[in-house]
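If you want the building blocks of each chain, they are given just below.
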Amino acid sequence: MQLLRLKLLNFRQHRNTDLSLGPGLIGIVGPNGAGKSTLLEAVAYALYGVSATRGTRETLRRRRAEARERMEVELTFQFGPHEYRIVRSLTAAELLQDGIVIANSTGAVTDRVTALFRMTRDAFFNTYFTGQKELAVMAAMGPTERGQFLSRLLGYDKLRDAQDLLREQRSALRSELAGLEQGLVDPGALEAELATTTAAVEGARAELNAAHTAERLGAERLAVLHPFWVAAQERRTAWQALDGERRVVEARVAAARVGFQALDRELALALRARERLTAIGTAMAEWNALNAEREVLDRAATAYTARSRSAARRDLALRRAAEIEPQLLVLADRERVTALEAEHTIALGAREAVDRELADRRTRWTQDVQEARTRLEGLRERYRELQEQRAKLEQQGPEGICPTCGRPLGKEYLSLVELLGRQMEEVTTDGNYFRQRVEQLGGRPADVAELDRERERLEQEGRRLTEALGQMRAQRAQRQVLESERTALAAELRRLEEELAGPAAQYDAARHEQARTRLAELEPLRREHDQLTGLAQRAQALVAEAALAEQRASATEAELGALDQRIAALEWDAAAFAGTEISVREAETTLQTARVAVARAAAALEGVERLRESALARQADRAAKAEIARHLGARIGVLEELDSAFSALRTDLNLKMRPELAEHASRLLQDLTSGRYDDLDLNEGYVPVLVEDGEAKPVISGGEEDVVNLALRLAISQMIAERAGQPLSVLILDEIFGSLDEERRGAVLELLRALADRFPQVILITHVEGMQHAFDRVLRVGYDNETGVSTVRDETPEPADVAA
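Residues numbered from 1 in each chain as written. Predicted model: local features only at pLDDT ≥ 70, side-chain atom pairs only at ≥ 80, totals over all residues. Heavy atoms only, no water.

Turning our attention to the overall build of the protein. On a plain count of helices and strands, the protein comes out with 16 helices and 15 strands. The C-alpha radius of gyration of the protein comes to 62 Å, more than 25% above the 28 Å expected for a compact globule of 804 residues. The C-alpha extent of the protein, read off along each of the three principal axes, is 170 × 120 × 50 Å. The 804 residues of the protein split such that 35% are buried. In the protein, once contacts between residues fewer than 6 apart in sequence are set aside, the share between residues at least 24 apart is 75%. Approximately 46700 Å² of the protein is accessible, and the part contributed by carbon and sulfur atoms is 53%. Averaging the locations of the 111 positively and 131 negatively charged side chains of the protein gives two centres separated by 5 Å. (Helix = DSSP H or I, 4+ residues; strand = E, 2+ residues; numbered from the N terminus. Rg over C-alpha atoms; globule rule 2.2 N^0.38 Å. Buried < 20%, exposed > 50% of the residue type's maximum accessible area, 1.4 Å probe, protein only. Contact = heavy atoms within 4.5 Å. Areas by Shrake-Rupley, 256 points an atom, 1.4 Å probe, with all protein chains shown as cover. Lys, Arg positive; Asp, Glu negative; His and termini not counted. Charge placed at Lys NZ, Arg CZ, Asp CG, Glu CD.)

Structure below.
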C-alpha cells in the first residue's frame, strides 16, 4: 500500500489542504497544535469513517466554515495493481477502483475497505500507524493481557472463534442425538402391535366374503322378477298415454260445444243490431252536419283569442322598455371600468416594488445581524480555548512537561505564554467590535420603518381600488344584462305589431254554444251507432262460422269413442301392478342392504390394513432413526477430535509467538542502536529484556525504553502485515522523537532509510526542528491565529548536486 494524495476540505482546522504524497521518507513538521496529526486523522476518517476519529461527527466540520460549505476528505492510494480513491463527507461516501465506483454509501465503503485490507480498523492502525504516546502500547497491560493483545492482533483469536463455532455445532448434534434416542420405540411393542393388526385383517376379510355372498343372492332374486316388472311397467305406460289422450279429446269436445253455442248467441245479437241502426239513421245525419259546423267555429274562436293575447303582450313589452332606459343612465359603462382597472394596476405595481425593496433591505439587515453574532460567538470560543491553554501552561511552569511531545518546556515557556497573551488580546479587541456591531443592529433601521409605512399606505389604497373596481364591474355586468333585455324587447315588439297589423277575425259565440249543446245531446246515440255498426257487419260471417263449428264438434265426438274402445282392449289391472311392484321393491331393498354390508366390510378391512401398514412404517422409521443416531455419534467424535486439534494448534502458535516477536524486535533494535544491543528477549510476561555483551539486563533508562518500544512496535506491525498476507509497504509515525536525544533520532532515521525495501513509504510527524535535511520531502504545517486555519507548504530541500 502507498498513499498518493490527501485532500481536506473544512476538516477540523484545515479549510482547503491538498497534499501529493509518494515514496520515500516524508517529514510533516510544525509546532504543536498546528494540525499535523489532523492529517493522519483525515486518512483514518477516509478509510474507516467517524469511528476512527476523535470526538463525534459534529466536531469534524471546521468551526468557522460557512453554513453552506461542505466538509469532505478525499484519499487516493495504491494497493496491489489498482489505484483507489475514497471521497467521504458527513453524510455520504464513495469508493472508486481505477476510476470505477464500487461502493457508494458510508457503511458500504467501510465494509469494502475492511475486506480489501483484510484487517479491522484496530488491526490496521496497529499495523500501519503509530500515534502519539502509542510506543509503549503494552506497558499498561498485565502479563496475561499482553499475550491476549498480541494473539488478537495477529489473528489467533479467529482460531478461538472457529473453535467456539465447532463446539456449538457439537452441542447441537448432541442435543439432536439425545432427542433421537429418547424417541426410539421399544421393538417388542412394535412386534406385538404388528401381530394384532395382522389378525384383525384376517377377520375383516372373512366378513367381507360373507357380505359378497348375500349381495350375490339378492341380485339373483331381483333378476327373476325383472321381466315381469318390465312388462307391467310397459302396460301401465301404454294405459297412461291413452288415458291422457282421452282427457285431451274430451276437453276438446266440451270446448267445441261451448263455441257453437256462443256463435249462435252472437248471431242473434247481430240481427237485432241491424234493426236498431235503421231506427237512429236520421239522428246520425243531424250529428254529422253539426260536427262539421262546430269545427269551423272552433278555428274562428282560436284566431280571435290569439289576437287578444298578442295585444296584451305588446302592452307589457312597452311598459318594460320604458323602465329599462332610466336604469341604463346610472350604471357604469366599459370606458369607466377600463379607466379604473388601469389605476388599480398602477397601484399594485407600486406596492410590489415597495415589497421587493423592503424584502431586500430586511434580508441584508438579517444577514448583517447573523454574521456579527456568528463572528462574536467564534471569537468567544477562541478566547476560551486560548485561556485554557495559558492556564494549563501557567499551572505547569517552566519545569512542566509538554502535553504534546513529553519534553520539559524550559526556555520556550515564556515565549509560548506571551504568544498566547497576544492572541487573547487580539481576540478581545475583535470581540468588542463585533459586540458593538450586534448592539447597533439590534433595532430596526429607519429606512426599513419608512418602507413599512409606505407599504401600508399602498396596501390601503389597493384595497380601496379593489372594492371600487368590484362594484363597477358588477354594474357593468348588470348593464349588459339590461341591454340584452332591451334588444330582445325591441324584436318582440316588431313581431307583435306584424301579427296585429292584419284584419280582425269573425266569430259567433252564441251559435258556437248552440252547436256544442246539441252535439252533447246526440253523443249517446253516436256512441251506440258506432257499437252497433261493427256488430251488424259480422252477421253474414257468423252464419258460416256456426256451420263450421258444428262439423268440428261432431268429428271430435267420434275421436273420443275410438279412444274408449282402445282402452277397453288393453285390459289394464291396477291391483296386479301394485303386487308386482311390492315384490320388486322388497328384492331391491335386500340387495341394497347387502351392498351396504359389503361397503362397510371393505372399509373395515382398509382400516385394519392401514393400521398394519402404520406398524410396518414405524418399524422402518425406527431402523432409519437408529442409523441416523449412529451417524450423529460418528460426527460428534470427529468434532471432538477437531476441538482437540484446534486447542493444540492455538497452544503451539502462542508458544511460537513470543520468540518470533523477540527475533523481529532484536533485528530492528540492532539497527536502531548501531549494534550496541544485538538481542532483545521477552520473558513469559512479555516484558522486554536487553542483552548487552551476552548479559541480560532490564530496560532502565527512558531513552532505552523508547528505543525498545519502537523496535517492538515495528516488529508487531511487521508480524501483523505478514499474517495478513501482504507486505507492510507504508509506515506512519506520529511524534515518536519526544524523549530521544539527537543521536537516537538520527539512528531511527537511518534505520528507516535502511528499511526502505520493507517500508517504501514512511511518514513521520514531529514538532522537533533541525531534521529537515534527513527527509526526502518536508511538508511544513502552520496555523493562522486570525483565521483559525491550518496551512501546508512543501519545504523539500534542494539536492546538493543540484544546488552546486
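Still more to cover.
For helix α11 (residues 509-537), which comprises 29 residues, the first-to-last C-alpha distance of 40 Å matches the rise-based estimate of 42 Å (1.5 Å per residue) to within 8%. Along α11, the sharpest change in direction is near 45° and occurs at Leu522; proline Pro524 comes one to four residues later. (Expected span 1.5 Å × (residues − 1). Bend = angle between axes of the 7 residues up to and from the residue.)

A cluster of like negative charges, contributed by Glu425, Glu426, Asp430, Asp784 and Glu786, occupies part of the molecular surface. Residue contributions to the negative patch peak at three residues, all from helix α9 (residues 412-440). Mapped onto the elements, Glu786 comes out in the loop between β14 (777-784) and β15 (789-794). Under the relative-accessibility criterion, Glu786 is labelled exposed at 66%. (Patch = residues over 30% accessible without salt bridge, like charges linked within 9 Å, V, L, I, M, F, W, Y side chains within 5 Å. Salt bridge = Lys/Arg side-chain N within 4 Å of Asp/Glu carboxyl O.)

Okay, the side chain of Glu72 next. Along the chain, Glu72 falls in strand β4 (residues 72-79). Overall, Glu72 belongs to the buried group, its relative accessible area being 19%. Every residue in contact with Glu72, bar those within four places of it in the chain, is listed here: Lys7, Leu8, Leu9, Val87, Arg88 and Ser89.

Moving on: the pairing of strand β7 (residues 100-103). Direction of pairing for strand β6 (residues 93-97) relative to β7: antiparallel, over a ladder of three bridges. The residue of β7 that forms the bridge with Leu95 is Ala103. Two successive antiparallel strands, β6 and β7, enclose a turn made up of two residues, where Asp98 displays a positive phi of approximately 55°. (Pairing = 2+ DSSP bridges.)

Okay, the packing of helix α7 (residues 281-330) against α11 next. For the pair α7 and α11, the least separation of the axes is 9 Å and the interaxial angle reads 140°. By the angle between their axes, α7 is oblique relative to α11. Every pair of crossing elements has a handedness; the one defined by α7 and α11 is left-handed. In this structure, α7 uses Ala283, Met284, Glu286, Trp287, Leu290, Asn291, Glu293, Arg294, Leu297, Asp298 and Ala301 to contact α11, whose residues at the interface are Arg511, His512, Arg516, Arg518, Leu519, Leu522, Glu523, Leu525, Arg526 and His529. Split into classes, the residues belonging to the contact of α7 with α11 amount to nine nonpolar, three polar and nine charged. (Axes fitted to C-alpha atoms, helices over the stretch in contact; angles between N-to-C directions. Parallel < 35°, antiparallel > 145°, perpendicular 65-115°, else oblique. Left-handed = near helix turned anticlockwise from the far one by under 90°. Nonpolar A, V, L, I, M, F, W, Y, C, P; charged D, E, K, R; others polar.)

On inspection of all chains with the given rule, the structure shows 50 salt bridges. For Arg12, the salt bridge goes to Glu41, with nearest N and O atoms at 2.6 Å. Here Arg12 is found in the loop between β1 (2-11) and β2 (14-20), whereas its partner Glu41 is found in helix α1 (residues 36-48), with 29 residues between them in sequence. Judged by relative accessible area, which is 14%, Arg12 ranks as buried. Accessibility expressed as a relative area gives 7% for Glu41, which makes it buried. Taking the shortest distance from any N to any O, the salt bridge between Glu450 and Arg453 comes out at 2.6 Å.

It is worth spelling out the packing of aromatic side chains at this point. As enumerated under the stated definition, the model contains six aromatic pairs in all. Between Phe11 and Tyr45, the ring centres sit 5.7 Å apart and the planes meet at 35°, which makes this aromatic pair tilted. Here Phe11 is found in strand β1, whereas its partner Tyr45 is found in helix α1, with 34 residues between them in sequence. Just as Phe11 is buried, Tyr45 falls in that class too. When the centroid spacing of 5.0 Å and the interplanar angle of 75° are considered together, the rings of Tyr433 and Phe434 count as edge-to-face. Clustering of aromatic rings is evident, with ring pairs tying together Phe77, Phe79, Tyr84 and Phe117. The aromatic ring of Tyr45 is capped on one face by Arg88, whose charged end is 5.9 Å from the ring centroid. (Phe/Tyr/Trp six-rings, centres within 6.5 Å; stacked < 30°, edge-to-face > 60°. Lys NZ or Arg CZ within 6 Å of the ring centre and 35° of its normal.)

Looking now at the nonpolar core. Proteins that are soluble and globular tend to have nonpolar side chains buried together. Membership of the largest hydrophobic core comes to 88 residues, with the highest contact counts inside it found for Met1, Leu47, Phe77, Phe117, Phe124 and Leu764. The greatest single-element share of this core, amounting to ten residues, is contributed by helix α14 (residues 702-723). Discounting residues that sit within four places of it in the chain, Leu47 has contacts with Leu75, Phe77, Ile86, Arg88, Thr110, Val113, Phe117 and Phe124. (Core = buried A, V, L, I, M, F, W, Y, C linked by side-chain atoms within 4.5 Å.)

Now for the packing of helix α8 (residues 334-396) against α9. The interhelical angle for the contact between α8 and α9, taken along N-to-C directions, is 160°, at an axis separation of 9 Å. One finds that α8 runs roughly antiparallel with respect to α9. Between α8 and α9 lies a crossing of left-handed hand. Among the residues forming the contact of α8 with α9, the class breakdown is 14 nonpolar, six polar and nine charged.

With that out of the way, let us pick up the environment of Leu416. Turning to its location among the elements, Leu416 is positioned in helix α9. Assessed through its relative accessible area of 33%, Leu416 is described here as partly exposed. With 64 residues separating them along the chain, Leu416 and Gln480 place their C-alpha atoms 92 Å apart.

Once that is clear, we can look at the pairing of strand β5 (residues 82-89). Relative to β5, β4 runs antiparallel, the two sharing eight bridges. Within β5, the position partnered with Gln78 by the bridge is Glu83. Between β4 and β5, which pair antiparallel in sequence order, lie two residues; one of them, Gly80, sits at a positive phi of approximately 65°. Alignment of β5 against β6, held across five bridges, turns out to be antiparallel. Residue pairing in the sheet places Arg85 in a bridge with Leu96 of β6. Hairpin remark: β5 followed by β6, antiparallel, with three residues in the connecting loop.

Confidence in the prediction for the protein averages 81 pLDDT; 91% of positions are at 70 or higher. Counting contacts from residues 800-804, a segment whose pLDDT is below 50, to residues more than four positions away or on other chains yields zero contacts. (pLDDT = per-residue confidence, 0-100.)

Along the chain, Glu399 turns up in the loop between α8 and α9. Judged by relative accessible area, Glu399 falls into the exposed class, the value being 70%.

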